[in-house]
Amino acid sequence: MEHSYDLYIERLIVTNVALFLFIMELLLAINLISIVILTQHIKWEYGTLLTLMILLPLILLICFKRKSSFQHFRLFNIIASCAAALLVLLMDMLGRNYVKGRYDHIIIVSVYFLLPIAFYGKPYLLGIGVSLIYLLCPMLTNAINLRPFELSKHVCNAFYLISLNVVMMAFRICMEYHLRQLILTRRQLLHQSFVLKETKEKEKNIVATIVPADIAHSLDHEIQKRIADQLLCKRYLNPIILPIKLYSDVSILAAEMVNYAQLTSQMDVKDLVQIFHELFVEFDLAAEDHKVLRIKFLGDSFSCVSGIPQHCYTHANSCVELALDMILKARHLCEVHDLLDIKMRIGVHSGEVFAGIIGRSKWEYDIWSRDVDIANRLEFTGMPGRVHISQTTLKLLHNEYDYEPSSRLDSSDIYLKKTYYINTYLISPKLSKSTIKGAKRIFNMTPGSRTAHSVFEKELDASHEYQLKIYHLMYKKVKCMPIGAIQMARIFDFSDGSRDGNEDRVFQSYITSFWRHFRQADIEWKYINKPDLLMKYSLPLMVFVGLLFIIEHMLSPTYSYVLIMWVVLVVLLLLCLLVFYKKIVFQLSTNPLEYKPQFILDRWLFKISELCEENLAMRIGIYFFGLFLVYILASFNTVACLIHGIQMNNIDGVKLLMPAEATDNVIMVFTLMFFTDLPFVLKMALIILVCISHIVIVQSSHIKSEFQIIWFIIAFCLMLLIMEQHNTYLKKVGYYYNMRYVETQRQTEIIRRSQRVLMVNILPNHVARLFLEHPQVEELFHESYNKVAVMSASIVNFERDKCGLRVLNEYICYIDDLLLDYRGDFQVEKIKVKNWTYMAACGLKVDHSMELPSCKQQNEPRLSHPTLQNDDNCVLTLLHFAVDLLRMMHDIALQNMHLKFGGSMRGQMKIGIAHGPIVAGVVGLSPPHYDIWGHTVNSASGMCSSGIAGFIQVTKETAQTLHGFDIKCSYRGMMNVASVGEVSSYLVDLDERLNLQHIDKEDLDIIEFVDAYSKSDKVVKHNF
């Protein structure tokens, strides 16, 4: 940052020196013309002024050279500054007896801002030196000419020079603050631009994990609309359908892990997540190598498509090669990890698919078509360790693989033969040394080493690379940052950099050339209304200058009104304390950030002090009032002379205040205007008003005023207006950068909110937050729960061939909308959608900071029970959700009855619920997939598959828990659930309006009887 500041100062000095030359040449030219007009014959000062006009540019020529041209560049600039200041001083001293103006104020102001020494050296040393020369020269002149020592005149001159140096030194510090803030804001803008770019890229990558890049681009507007709707928690009367794209020539791969249920029931949670992550990451990498797009994996299944998004003529070969690799990788994983038995059953078919996003939340990019159903059936009827392909796919392989007919497998699925008329074939993988060697290389790595650890190293490298990129780009940007200067002053810019491209032309399109107003009125209004944090520091300077005016007045014979002057100073001091009150309180407080005024007076003073900085009208009023008080003190002697009609050149033989000293005081009032953060128009009007007022007062006071007095004040007014125009330009550059920074920050925040919504649409809330805050985490994410309710709901009695993906999307959207009603402490979380089956869970961790707005309070239990625990509420909450699903399906069926094809759309839903311990984790590479495993998940799936349409089937444990909530269930019988075995099943009792039924008092004895028989493992069929 300091290097960037130094580089910008080097460029700004060139502009300031050009501005100094312009001001001096302009003033010297006017001074020369005035001498010619006011004198009858040529004076020798003509040569002096012309010599100065020629020598000044030559002396400061070195300031326009490049820094690399000289070894001691700063030293030469400091010497040039001293030489220029002393040259102007010498010219000013030589011409004191002739008709010309004084330049002491011009020199001192230039030393502290325009000359290079203001930034390269210690300007106060040169300022004090120039002041001493201006102070001592008149004394020596009087001593040589044997004139009486005029104490009041020399004291006034000393006070004037002291106050001028103090005020300009304070202005120098204030200006450095603004310039450093400008560089800091530019650096923040550059950083925020990078953050915005990376955030957009990150959002693009997240969207790309949901849909392919080309589809994401075409669906960007609709996706952003969905994000905005979710942030606003909008409810829908009709689901929004994203466009569905048809791909007519692709190959589909469907794979399933044969003994998935045994693995999830027997393995430790950490080992289970590690194994699944290794396996599916390798599947993802293999799919990427073979240019196959992974659609999704759902616990035990894995589906891919080749030919999306770009068409590929070898899509069939790609899918078959991937399938063979998957079998080999799974086989070798079993060899690496003992006691593992993972077998893959894979089906491949070629044809066409429809692709699009399914659902409203937890978006899934899915495919749907008749050919997808065929691929799933090929997988289901296939053999573990072999690839089951269709005749269509075989024709596209061009006899590149050894295959055999699978007539025995075809007979197990009547749809393949009788409905689709498809012949199928089996392909076996061939083990090669290169394949085994590659597999060993892959699986011998530590878990996650190929993904998380490499990502972490990339983050570190990216961080270092980012710092270097910011440094070099900041270097380039600083060389192009706006530095201002008026157009006419650029003729004195002799540097090579003046021809370089910079941002001045770009910025000048935002502001007017002379008034320095933003061309857009709303931006200008915001600029002039911004808080003035440095206002409080300008008032102490006014008090200091006013005090010197009083002391100066007390040294003159006309000090009869000194009491009034002290009253004016006290008022100014009180105004200063009022503005400084907030700052004083914060300094005295032990904890400024938490300070709150207690007393009424304290609150009022604190509020007024805040308004002085923030309110434009009050700020302008205080500035005007403060300057008015200082101007009264500055002009008090002159006004007093006007009142008494006294000739100030000679009263009783005593020499009083001369016109030059009276003008010096007004010059100090002008100098204080450097600190007033007023609009340029107001400041210009105020300067002109004070200038005219002073000239009128001096002339009315019968003071012997020469041309030098008028020129003295007019010259400084010109310089003040030119410098103020330049300072306003620089301040507005800083505001322009800050405005862009705030806008970039706002855009970044909007995209981050979108990222949050996108991540919540991929992972549960608490997991999404972990991945957003710690994307480089190396350990695999896994967790276990003692009690979670799991629901599996399938849409049945539906003619799917006549409906397809669009109708499925509508159903899933309706279910997703219902999730917004269950956002309490026990939140229903969507886990996955597999074909026409929807899985959800309740009882997972809830991160309220990541939640979308809640629309409805969580359902509370109607009745408590001594045996129930708080976490049993997850069962009740999920049951209410399931009942709402049945009601929703019933309403949809009633609406579809009036449609032309309503008969094919009267779908029903069968639901299974179980609760108990589960394990969960995130597996996969892109996108990360959150899934749950365990006996409870298998039981819920079994309850669903063996259930009855329009009913909710639960396990025995779940039925007993619901009994504690006074909800009646009916025993159905023993069911044989795959991978679970024989289990007791119950149906939740519902009336005709799908309301839950409660237990009657006379049923309690029967319930105890059933419980006793259940403990003795006897099968009892009864209602309770």
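Cut-off values and rules
Residues numbered from 1 in each chain as written. Predicted model: local features only at pLDDT ≥ 70, side-chain atom pairs only at ≥ 80, totals over all residues. Heavy atoms only, no water. Core = buried A, V, L, I, M, F, W, Y, C linked by side-chain atoms within 4.5 Å. Buried < 20%, exposed > 50% of the residue type's maximum accessible area, 1.4 Å probe, protein only. Helix = DSSP H or I, 4+ residues; strand = E, 2+ residues; numbered from the N terminus. Contact = heavy atoms within 4.5 Å. Axes fitted to C-alpha atoms, helices over the stretch in contact; angles between N-to-C directions. Parallel < 35°, antiparallel > 145°, perpendicular 65-115°, else oblique. Left-handed = near helix turned anticlockwise from the far one by under 90°. Nonpolar A, V, L, I, M, F, W, Y, C, P; charged D, E, K, R; others polar. Expected span 1.5 Å × (residues − 1). Pairing = 2+ DSSP bridges. Phe/Tyr/Trp six-rings, centres within 6.5 Å; stacked < 30°, edge-to-face > 60°. Patch = residues over 30% accessible without salt bridge, like charges linked within 9 Å, V, L, I, M, F, W, Y side chains within 5 Å. Areas by Shrake-Rupley, 256 points an atom, 1.4 Å probe, with all protein chains shown as cover. Salt bridge = Lys/Arg side-chain N within 4 Å of Asp/Glu carboxyl O. Bend = angle between axes of the 7 residues up to and from the residue. Disulfide = S-S within 2.5 Å.

Q: Even after reading the chapter, I still don't get the nonpolar core, so can you show me in this structure?
A: Soluble globular proteins tend to pack their nonpolar side chains together in the buried interior. Ranked by size, the top nonpolar core spans 145 residues in total, and within it Y8, L56, Y103 and F670 carry the most contacts. The element best represented in this core is helix α1 (residues 2-38), accounting for 19 residues. When near neighbours in sequence (up to four residues on either side) are disregarded, Y8 contacts L179, L182, I183, V478, M481, P482, I483 and L730. In this structure, I812, L818, A840 and V875 belong to the second largest nonpolar core, which totals 50 residues.

Q: Would you explain the environment of N259 in this entry?
A: Position of N259 among the secondary structure elements: in the loop between β1 (245-257) and α10 (260-266). Using a relative accessible area of 15% as the deciding quantity, one classes N259 as buried. In sequence terms N259 and K343 are 84 residues apart; their C-alpha atoms lie 7.1 Å from each other. Apart from the residues lying within four places of it in its own chain, the contact partners of N259 are D341, I342 and K343.

Q: Just to check I follow, could you spell out the packing of helix α22 (residues 562-588) against helix α24 (residues 616-634) for this structure?
A: Packed helix pairs are specified by the crossing angle of their axes together with the interaxial distance, meaning the distance between the axes. Relative orientation of the contacting elements α22 and α24 amounts to 155°, with a least axis distance of 10 Å. It follows from the interaxial angle that α22 and α24 lie roughly antiparallel. α22 and α24 meet at a crossing whose hand is left-handed. The segment α22 lies against α24, with M565, V568, L569, V571, L572, L575 and V579 engaging I622, F625, G626, L629, V630 and L633. Residues that form the contact of α22 with α24 fall into these classes: twelve nonpolar, one polar and no charged.

Q: So what exactly am I meant to see when it comes to helix α12 (residues 315-336) here?
A: One turn of an α-helix holds 3.6 residues; hence residues three or four places apart share an orientation. A rise of 1.5 Å per residue sets the reference length of α12, with its 22 residues, at 32 Å; its end C-alpha atoms lie 31 Å apart and thus fit the reference within 8%. Across the 22 residues of α12, 17 count as buried, placing the element largely inside the fold.

Q: It is not clear to me how the pairing of strand β5 (residues 364-368) should be interpreted in this structure. Could you clarify?
A: Each regular strand carries side chains that alternate between the two faces of the sheet. With respect to burial, β5 is a largely interior element, five of its five residues being buried. Judged by which residues are buried, β5 turns out to be covered on both faces: E364, D366 and W368 on one side and Y365 and I367 on the other are all buried. With five bridges connecting them, strand β4 (residues 344-358) and β5 associate as antiparallel partners. By the bridge assignment for β5, I358 is matched with E364. Here β4 folds back onto β5, and the loop between the two strands holds five residues, one of which, G359, carries a positive phi near 95°.

Q: Would you explain the packing of aromatic side chains in this entry?
A: In this description, an aromatic ring pair is defined by two values, namely the gap between the centres and the angle between the planes. Taken as a whole and judged by the stated rule, the model has 26 aromatic pairs. Summarising the aromatic geometry, the rings of Y595 and F606 are spaced 5.8 Å apart at their centres and angled 50° between planes, so their arrangement reads as tilted. With Y595 in the loop between α22 and α23 (600-614) and F606 in helix α23, this pair connects stretches of sequence that are eleven residues apart. Its relative accessible area of 23% is what places Y595 among the partly exposed residues.

Q: Would you take a moment to explain a nonpolar patch on the surface for this structure?
A: There is a patch of nonpolar side chains on the surface, built from V570, L573, L574, L577, I584 and L588 and spanning about 560 Å² of accessible area. Positionally, L573 belongs in helix α22.

Q: Just to check I follow, could you spell out the side chain of N157 for this structure?
A: The topology assignment puts N157 in helix α7 (residues 151-210). In contact with N157, not counting residues within four places along its chain, are R102, Y134, L135 and D664.

Q: Where do I start with α22 in this structure?
A: The largest bend in α22 comes to about 55°, at F580. For α22, the complete set of buried residues consists of V562, M565, V568, L569, L572, L575, C576, V579, F580, K582 and V585.

Q: Honestly, unusual backbone geometry in this entry has me stumped. Any pointers?
A: With the exception of glycine, the majority of residues adopt a negative phi angle, and the majority of peptide bonds are in the trans configuration. For the bond running from I308 to P309, omega is 0°, close enough to zero to count as cis. Although it is not a glycine, K291 sits at a positive phi angle of roughly 60°. In this structure K291 comes out as exposed when scored by relative accessible area, which is 70%. The phi angle at R516 is positive, at roughly 60°, despite the residue not being glycine. Tracing the backbone through its elements, the reader meets R516 in the loop between α19 (504-508) and α20 (521-528).

Q: Is there a simple way to explain the state of the cysteines in this structure?
A: Cysteine pairs can be linked by a disulfide, which is a covalent bond between their two sulfur atoms. According to the stated counting rule, one finds zero disulfides in the structure shown. No disulfide involves C842; its sulfur sits 5.5 Å from the nearest other cysteine sulfur, which is in C874. The exposure class of C842 is buried, given its relative accessible area of 0%.

Q: Just checking my understanding: could you explain the pairing of strand β11 (residues 837-842) for this structure?
A: The buried fraction of β11 amounts to five of the six residues, a majority that puts the element mostly inside the structure. Pairing geometry for strand β9 (residues 782-796) and β11, over six bridges, is antiparallel. Within β11, the residue paired with S792 across the bridge is M839. Bridge count for strand β10 (residues 828-834) against β11 is six bridges, and the pairing is antiparallel.

Q: Honestly, the packing of α23 against α24 in this entry has me stumped. Any pointers?
A: Two elements in contact, α23 and α24, have axes whose closest approach is 6 Å; the angle formed by their N-to-C orientations is 90°. Between α23 and α24, the crossing angle belongs to the class labelled roughly perpendicular. Counted together, I608, L611, C612, E613 and E614 of α23 and L616, M618, R619 and I622 of α24 form the full contact between these two elements. Looking at the contact of α23 with α24, its residues break down into six nonpolar, no polar and three charged.

No statement about biological role is implied by the geometric values presented.
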